[in-house]
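Below, each chain spelled out in residue letters.
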Amino acid sequence: MQYDAAVIGGSFAGLSAAMQLVRARRNVLMIDAGLPRNRFAKTSHGFLGQDGRSPQEIVDIGRSQLLAYPTAQIVHAEASAVAQSEQAFSIELTNGQVISAARLVLATGVKDELPQIAGLEDRWGATVLHCPYCHGYEVADRRIGVLGSGPGSIHQAALVADWGPVTLFTMGVVQPSPEDLALLAKRNVQIENVPVVELVGAAPEMEAVRLQDGRVLPLGALFLMPRTRFVSDLAMRLGCSTEDGPMGPYLKVDERKQTTIANVFAAGDVAAPMPNATLASAAGVLAGGAAHQSLIFV
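Going along each chain's sequence as written, the residues are numbered from 1 onward. Per-residue local features of the predicted model are confined to residues with pLDDT of at least 70, and side-chain atom pairs are confined, for both listing and counting, to 80 or more; whole-chain, interface and lining totals are unaffected and use all residues. Here the side-chain values reflect all heavy atoms present in the structure, with hydrogen atoms and water set aside.

1. Looking at the overall build of the protein
Alright, step 1. Check the secondary structure of the protein and you find 7 helices and 19 strands.
Alright, step 2. Note on method: radius of gyration uses C-alpha positions; expected globular size equals 2.2 Å times residues raised to 0.38. A globule of 298 residues ought to have a C-alpha radius of gyration of about 19 Å, and the protein, at 21 Å, matches this closely.
Alright, step 3. With respect to the principal axes defined by its C-alpha atoms, the protein has extents near 65 × 35 × 35 Å.
Alright, step 4. Taking the intrachain contacts of the protein between residues at least 6 apart in sequence as the baseline, contacts between residues at least 24 apart amount to 56%. Strands are runs of DSSP state E lasting at least two residues, helices are runs of H or I lasting at least four, and both sets are numbered from the N terminus onward. The contact criterion used throughout is that any non-hydrogen atoms of two residues lie within 4.5 Å.

Structure, rendered in structure tokens:
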């Protein structure tokens, strides 16, 4: 069967894109491996109408609503290969299927590359965080750390200070300028130059961090800006162009979420410099609508 569109990735962006297409009565296959980036977070916040729900619960509701439309199908698999012909895309799945689709929406997401610090990975999504708008309220008034990784960490430390007393750990890579130091002082941010080597306490909670010189500093939460990489290389195989963001590369798209390859659209973290559930869903709406219209206005 040839589908009007294949949506690869079944989290907030992919579901939103697929919803626009099935409501336009197009045959859509959503391909989802079931490993969203936000699976480490117990709850999602700041997403209007969904605040406090688990990311998985939001996805489950979305899948149920999508499958209420007769032209929607979902397959649990990974897309392992893709080829483009003049008329369609041929997509190979890890379950052995090969499907054809006239349009392709990539919502494959990104993967966080976490620093190799003892105890950090065990707390990721709980007390080790990256987005204060998503999780800052839940750790408010604790002693908060910001783990330095580059110039963006200074911005993050100044921002996070609205949620609690902050210490910026420079980790030997962040070198604040005089202007940076003035901003951090204004925000009452403390600076610690000795690197963090271990997170202490019963995970996923945190009581303190141990520094390289043996000192133990009380801490209840830690923010960082991890580097990200693409989960899937399908876009690279198709020749889609990328741009460099503050956390890593992302796919270059136009205002309608079309990539630099015709009839390939992208939405969510894979195509944005700033990860956010609401923005991912909104981008999916744009990508799905644009993919539909491209089937009409060729």
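2. Here's the deal with the packing of aromatic side chains
Alright, step 1. Any two of the Phe, Tyr and Trp rings considered here, Trp counted by its six-membered ring, make a pair once their centres fall within 6.5 Å; the pair's planes then place it as stacked at under 30 degrees, edge-to-face at over 60, or tilted in between. Scanning the entire structure with this criterion turns up 2 aromatic pairs.
Alright, step 2. Plain terms: the ring middles of Tyr133 and Trp163 are 5.9 Å apart, the flat faces sit at 90 degrees to each other, and that makes the pair edge-to-face. A residue pair is termed long-range when its members are at least 10 positions apart, and Tyr133 in helix α3 (residues 132-135) and Trp163 in the loop between α4 (152-160) and β10 (166-169) qualify at 30 residues.
Alright, step 3. We classify Trp163 as buried; its relative accessible area is 16%. Any residue under 20% of the maximum accessible area for its type is buried, any over 50% is exposed, and the rest in between are partly exposed; the area is computed with a 1.4 Å probe on protein chains only.

3. Topic: the sheet that holds strand β12 (residues 196-200)
Alright, step 1. Strand pairing is defined by DSSP finding a minimum of two bridges between the two strands. Taken in spatial order, the 3 strands make up an open sheet running β12-β13-β14, and their pairing is antiparallel. Edge positions in the open sheet fall to β12 and β14 (216-218), since each of these has one partner strand only. Within the sheet, the average angular offset between the axes of one strand and its neighbour, ignoring direction, is 25 degrees.
Alright, step 2. In this sheet, strand β13 (residues 208-211) lies alongside β12 in antiparallel orientation, the contact comprising 4 bridges. Across the sheet, Val200 pairs through a bridge with Ala208, a residue of β13. Only the stretch in contact is used when fitting a helix axis, every axis being a line fitted to C-alpha atoms; angles between N-to-C directions are given from 0 to 180 degrees.

4. What about empty space enclosed by the protein?
Alright, step 1. We place a 1 Å grid over just the protein atoms. Points where a 1.4 Å probe fits but has no way out form a cavity, open points with protein on both sides within 12 Å along at least 5 of 7 lines form a pocket, and any residue with an atom within 4 Å of a point lines it. Grid points are joined across faces, edges and corners, and a volume is the space filled by probe spheres set on the points. Taken as a whole and assessed by the stated rule, the structure comprises 1 cavity of 30 Å³ or more.
Alright, step 2. Taken as a whole, the largest cavity spans an internal volume of roughly 80 Å³.
Alright, step 3. Gly is placed with the polar residues, together with every amino acid not listed as nonpolar (Ala, Val, Leu, Ile, Met, Phe, Trp, Tyr, Cys and Pro) or charged (Asp, Glu, Lys and Arg). The residue makeup of the lining of the largest cavity, split by class, is 8 nonpolar, 3 polar and 2 charged.

5. A short note on the pairing of strand β3 (residues 72-76)
Alright, step 1. By the bridge criterion, 5 bridges tie strand β2 (residues 28-32) to β3 in an arrangement that is parallel. Note on β3: the bridge partner recorded for Leu29 is Gln73.
Alright, step 2. The crossover handedness rule: strands pointing away from the viewer, path from first strand over the helix to second strand clockwise, crossover right-handed. Taking the sense of rotation as the criterion, the β-α-β connection linking β2, helix α2 (residues 55-66) and β3 turns out right-handed.

6. Re unusual backbone geometry
Alright, step 1. Put simply, Ala203 and Pro204 share a cis peptide bond, and its omega is 15 degrees.
Alright, step 2. With respect to the secondary-structure elements, Pro204 resides in the loop between β12 and β13.
Alright, step 3. In this model, Asn263 sits at a positive phi of 70 degrees, which is unusual for a non-glycine residue.
Alright, step 4. The residue Asn263 is located in the loop between β18 (249-251) and β19 (264-266) in this model.
Alright, step 5. When its relative accessible area of 23% is taken as the criterion, Asn263 is described as partly exposed.

7. So, the pairing of β13
Alright, step 1. As paired strands, β13 and β14 are joined by 3 bridges and run antiparallel to one another. The residue of β14 that forms the bridge with Ala208 is Pro218.
Alright, step 2. The hairpin turn running from β13 into β14, its antiparallel successor, is 4 residues long, and Gly214 in that turn takes a positive phi close to 95 degrees.

8. What to know about the environment of Gly289
Alright, step 1. The residue Gly289 is located in helix α7 (residues 277-296) in this model.
Alright, step 2. Take Gly289: its relative accessible area is 19%, and that puts it in the buried class.
Alright, step 3. Separated by 100 residues in sequence, Gly289 and Val189 place their C-alpha atoms 45 Å apart.

9. Comments concerning the sheet that holds strand β8 (residues 128-129)
Alright, step 1. With parallel pairing, the 5 strands of this open sheet are ordered in space as β8-β15-β9-β10-β11. The open sheet has two edge strands with one neighbour each: β8 and β11 (190-192).
Alright, step 2. Here strand β9 (residues 144-147) pairs with strand β15 (residues 221-224) via 4 bridges, running parallel. Residue pairing in the sheet places Gly145 in a bridge with Leu222 of β15.

10. As for α7
Alright, step 1. Given the number of residues in a helix, its expected span is that number minus one, multiplied by 1.5 Å. Compared with an ideal rise of 1.5 Å per residue, which puts 20 residues at 28 Å, α7 spans 29 Å between its outermost C-alpha atoms and is within 8% of the ideal.
Alright, step 2. We define a polar contact as two N or O atoms separated by no more than 3.5 Å, with the added condition that, inside protein, one atom must be a possible hydrogen donor and the other a possible acceptor, whereas residues neighbouring each other in sequence contribute only through side-chain atom pairs. At the N-terminal boundary of α7, the capping side chain belongs to Asn276, with an oxygen 2.9 Å from the backbone nitrogen of Thr278.

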